[in-house]
Amino acid sequence: MIDDLWYKNGVFYCLSVGTYMDANGDGVGDFKGLLRRLDYLQGLGVTAIWLMPFQPSPGKDDGYDIADYYGVDPRYGSLGDFVEFTHGCRQRGMRVIIDLVVNHTSNAHPWFRDARSSPDSQYRDWYVWADKKPANAGKGMVFPGVQKSTWTRDKEAGAWYFHRFYDFQPDLNTSNPHVQAEILKIMGFWIQLGVSGFRMDAVPFVIATKGAKVRNPVEQYDMLRSFREFLQWRQGNAIILAEANVLPETDMEYFGDDGDRMHMMFNFHVNQHLFYALASADSRPLARALQATKPRPATAQWGLFLRNHDELDLGRLSKAQREVVFKNFGPDKNMQLYDRGIRRRLAPMLGGDRRRLELAYSLMCTLPGTPVIRYGDEIGMGDNLDLPERNCARTPMQWSTEPHAGFTESDRPCAPVIDKGPYGYEHINVAKQRRDPNSMLNWTERIIRMRKEVPEIGWGDFKVIAARDPAVLVMRYDWRNNSVLFVHNLDEKPREVSFAVGLPGDAGKLLVNLLSEDHSKANERGKHTLMLEAYAYRWYRVGGLDYLLKRSDIDTDAAGKTSHPA
C-alpha cells in the first residue's frame, strides 16, 4: 500500500518545458533539453515532476489555451521526445504528472472552429452558447481588472459563447456526456505514454453547471468519481491532483467521503494563511487553517506549496489580513494582480533574506501534505516585474553564467532571462550554488532528503501544541509508534518557548535534533525550554534514534485504538 500511495511521502517539482532548457538552441525549451537535466532533479531528491502544458497552442496563455490535446507543440519536440523523457524519468525513479486543462480550449481548436461554423455541427454542444448576451456577463471573471466579461459574441457563429477565463478560451460544456468521454480518452492517451497522473486545472469550473440561465452554478461532484474510476482502471497507482481553491467545508466533496474522488488537492487555504503568518509573525490563523483542513480520507493527500506559476491568491483572507500581506510582500501596485494577489517569486517577496527563505521552506516541508516546489525556487530565483501579468515569474531557469544563463544558445530566448540586479543569472544560478556547500540549492537538497526520512508527516496524524507565544508554531506528528516534532519562530526577534510534548510517560523526555547537535531534554516537570533565534526552525525526533526498531506494523491513536495497517 505504501508503495502504491507514492504521492503521500514524495516531493513534487513543477516546471514549464519552455522555460527549463533548450537543447536545440532555437530559444524555446524542449523535451530533449529537459531529458538532459533529469540527473539534476534526481540529485535534488525530486520524486515526481509536474509539467505545465506542452501541447500545441497559440501560446496566448502560456499554453493553457490548448489547440490539440493529443500532441506536443513542435517548439518542444515530438511525441517520441516526450516518451523518451517519461522513460528517462522512470529509469531514475521519478514519476511524471501533466496538466489536464479541460475546462476550456483555445478558440483555435478544431472543435471550436467546427462548432462556430454551424448550429448543426456535432461539436456545437461541446461549448456553451447563448443567442443574446446574458444579463450576468459582467460577473464571475477569473481575471478581474484584465477580463471584462464572461461572454463574447462570435460573428461566425452568430451567437455568444461562455468563457470563465480569457475570451480566446471558450469553456467546454463539461456536462455533455460526449465531452466527458473525450476527457477520459485524453487521460488514457497520456497514461499510455508513461504519465503517472494529472494536475487537473480549475476543477470547480470543470464540474460546475454552465449556461446563460445558470445564475448559481452547481458542482457535479459525481463527475470526479468517474474520472477517478477510469484512471484507477487504466493504471491503479496513477493520481489526480486537483487545483481547487475552495473553502474547507467543501474539501470532502472533492476527496469523497470514501476517498473515491480526487487523490490530492492543493491546500490553498493553508497557503494563504501561511503567508499571513510569515507577514505578521502570528501562527494562530495558520493553526486554525490546518485544523479546518485536517479532515481527509486515509488515501488522500494535500499538496503543500509556497509559490506556483500563478499569482499568490489572497482571496480567502480577511481584508485586514490581506493588507498585512500586501504591505510586507507586495506593497507596490505593480506587484499586485487581479485585485486579490501578488505576482512575485518567493525570494524577492522575502527580501532575499536567507533566514526567512529557509523558514518558509521548513514550514512547507513540515506541514501536513506533500511538498510541491516551483522550478528555480530551490536556488532563490527572482522575477521580472516589467513582464505582463503572471509572466514576470515565468522566466527561464538560470543554470550558469553562460549567455542566457545556459538556457539556450539562441540569441532570442522564449522569454527574457533575468540579467540585472541581485537576482540576475550571473549571481543566482545552479552551477555557482552547486559549488558552494552553504548555498540555497545545497540546503534545499539536504532538507528534501531529511523530509523523505520523516514519513510521519505524510502518513501520520498531527497536533498543534500550545506554546503560549503566537510567533511560535509547534507541531507533533504520530505514526506507528513513532513521533516527530517541529518548532518554528515566525518573528524577526529571538524567542524563548516552553512546552510539553504531550505524550504519556517518558516518551517525550528527549528530543533529538535532526538538523544539528542541538538536542533537548525535558525538565523534571516534563517541559522543554528552547531558545529560538530570529526565524529559527527545529526538526526533532521524539525519543532516540532507534525509532526504526520501535516502528510498529500497525498504527494506534492517542487512546491506544488500532487502525487498519494501510
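Scroll up for the structure.
I will try to describe carefully the structure that is included in this document. (Residues numbered from 1 in each chain as written. Predicted model: local features only at pLDDT ≥ 70, side-chain atom pairs only at ≥ 80, totals over all residues. Heavy atoms only, no water.)

Notes on the state of the cysteines
Line of reasoning, step 1. The final tally for this structure, using the stated rule, is zero disulfides.
Line of reasoning, step 2. Here C89 stays free of any disulfide, with the sulfur of C14 as its closest cysteine sulfur at 14 Å. (Disulfide = S-S within 2.5 Å.)

Regarding the sheet that holds strand β2 (residues 48-51)
Line of reasoning, step 1. With parallel pairing, eight strands are arranged side by side around a closed barrel as β1-β2-β3-β7-β8-β9-β10-β14. The average undirected angle you get between the axes of adjacent strands in this sheet is 25 degrees.
Line of reasoning, step 2. One ladder, built from two bridges, connects strand β8 (residues 239-242) with strand β9 (residues 264-266); its direction is parallel. Each residue of the ladder has a partner; that of L241, found in β9, is M264.
Line of reasoning, step 3. Contacts from helix α5 (residues 177-192) reach β3 (95-100), β7 (197-200) and β8, with the element oriented near 135 degrees to β7. (Pairing = 2+ DSSP bridges. Helix = DSSP H or I, 4+ residues; strand = E, 2+ residues; numbered from the N terminus. Axes fitted to C-alpha atoms, helices over the stretch in contact; angles between N-to-C directions. Contact = heavy atoms within 4.5 Å.)

Here we look at the sheet that holds strand β6 (residues 159-162)
Line of reasoning, step 1. Pairing within the open sheet is antiparallel, and its three strands lie in the order β4-β6-β5. Each of the sheet's edge strands pairs with one partner strand only, and the pair in question is β4 (129-130) and β5 (151-154).

Quick word on the environment of Y7
Line of reasoning, step 1. Residue placement: Y7 occurs in the segment before β1 (12-15).
Line of reasoning, step 2. Overall, the relative accessible area of 2% leaves Y7 in the buried class.
Line of reasoning, step 3. For the pair Y7 and G369, spaced 362 residues apart in sequence, the C-alpha to C-alpha distance is 9.3 Å.
Line of reasoning, step 4. In this structure Y7 touches F12, I239, H263, M264, T299, Q301 and T370, once residues within four positions along its chain are discounted.
Line of reasoning, step 5. Only 2.5 Å separates the side chain of Y7 from the backbone oxygen of T299, close enough to count as a polar contact. (Buried < 20%, exposed > 50% of the residue type's maximum accessible area, 1.4 Å probe, protein only. Polar contact = N/O pair within 3.5 Å; in protein donor to acceptor, adjacent residues only side chain to side chain.)

What about the pattern of salt bridges?
Line of reasoning, step 1. According to the stated counting rule, one finds 32 salt bridges in the structure shown.
Line of reasoning, step 2. Measuring nitrogen to oxygen at the nearest pair gives 2.8 Å for the salt bridge that ties D99 to R199. Taken together, the residues span a long stretch of sequence, with D99 in strand β3 and R199 in strand β7 at a distance of 100 residues.
Line of reasoning, step 3. For D518, the salt bridge goes to R538, with nearest N and O atoms at 3.5 Å. Of this pair, D518 sits in the loop between β19 (510-513) and β20 (520-521) while R538 sits in strand β22 (residues 537-542), and the two are 20 residues apart along the sequence.
Line of reasoning, step 4. Among the residues examined, D518 registers a relative accessible area of 38% and is labelled partly exposed.
Line of reasoning, step 5. The class for R538 is buried, based on a relative accessible area of 9%.
Line of reasoning, step 6. Connected via shared salt-bridge partners are D62, D310, E311, D313, R340, R390 and R394. (Salt bridge = Lys/Arg side-chain N within 4 Å of Asp/Glu carboxyl O.)

Section: the packing of aromatic side chains
Line of reasoning, step 1. Across all of its chains, the model carries 42 aromatic pairs by this definition.
Line of reasoning, step 2. With a centroid separation of 5.2 Å and an interplanar angle of 70 degrees, the aromatic rings of F112 and Y161 are classed as edge-to-face. You can see F112 sitting in helix α4 (residues 110-117) and its partner Y161 sitting in strand β6, a full 49 residues away along the chain.
Line of reasoning, step 3. In this structure Y161 comes out as buried when scored by relative accessible area, which is 5%.
Line of reasoning, step 4. Ring centres 6.2 Å apart and planes at 75 degrees place the aromatic pair W129 and Y161 in the edge-to-face group. Placement of W129 in strand β4 and of Y161 in strand β6 is noted, with a sequence separation of 32 residues between them.
Line of reasoning, step 5. Through successive ring pairs, a cluster of aromatic residues spans F31, F54, Y70, F82, F85, F189 and W190.
Line of reasoning, step 6. Directly above the aromatic system of W399 lies the positively charged group of R37, at a separation of 3.8 Å from the ring centroid. (Phe/Tyr/Trp six-rings, centres within 6.5 Å; stacked < 30°, edge-to-face > 60°. Lys NZ or Arg CZ within 6 Å of the ring centre and 35° of its normal.)

Quick notes on the side chain of N267
Line of reasoning, step 1. Inspection of the secondary structure assignment puts N267 in the loop between β9 and α9 (268-280).
Line of reasoning, step 2. For N267, a relative accessible area of 3% corresponds to the buried category.

Quick notes on helix α3 (residues 79-91)
Line of reasoning, step 1. For α3, spanning 13 residues, the distance from its first C-alpha to its last is 18 Å, which sits close to the expected 18 Å at 1.5 Å a residue.
Line of reasoning, step 2. Restricting attention to buried positions, one finds in α3 the residues F82, F85, T86, G88 and C89. For α3, the angular spread of the buried residues around the axis is 155 degrees, confining them to a single face. Opposite its buried face, α3 presents the exposed residues R90 and Q91, each directed more than 90 degrees away.
Line of reasoning, step 3. In this fold, the buried residues of α3 make contact with α1 (31-36), α2 (38-44), β2, β3 and α5.
Line of reasoning, step 4. The opening residue of α3 is S78, an N-cap whose side-chain oxygen sits 3.3 Å from the backbone nitrogen of G80.
Line of reasoning, step 5. Within two residues after α3, G93 carries a phi angle of roughly 75 degrees, on the positive side. (Expected span 1.5 Å × (residues − 1). Arc of directions from axis to C-beta.)

Observations concerning unusual backbone geometry
Line of reasoning, step 1. One non-glycine residue with positive phi stands out, namely D62, at about 55 degrees.
Line of reasoning, step 2. Summarising the element assignment, D62 is placed in the loop between β2 and α3.
Line of reasoning, step 3. Despite not being glycine, D339 has its phi angle at roughly 60 degrees, a positive value.
Line of reasoning, step 4. In this fold, D339 is placed in the loop between β12 (336-337) and β13 (341-342).

With respect to the packing of α9 against helix α11 (residues 319-329)
Line of reasoning, step 1. Across the interface, α9 lies against α11 with an axial gap of 9 Å and an inter-helix angle of 60 degrees. Between α9 and α11 lies a crossing whose hand is left-handed. For the pair formed by α9 and α11, the contact residues are H273, F275, Y276, L278, A279 and S280 on the first element and Q321, V324, V325, N328 and F329 on the second.
Line of reasoning, step 2. Tallied by class, residues from the contact of α9 with α11 come to seven nonpolar, four polar and no charged. (Left-handed = near helix turned anticlockwise from the far one by under 90°. Nonpolar A, V, L, I, M, F, W, Y, C, P; charged D, E, K, R; others polar.)

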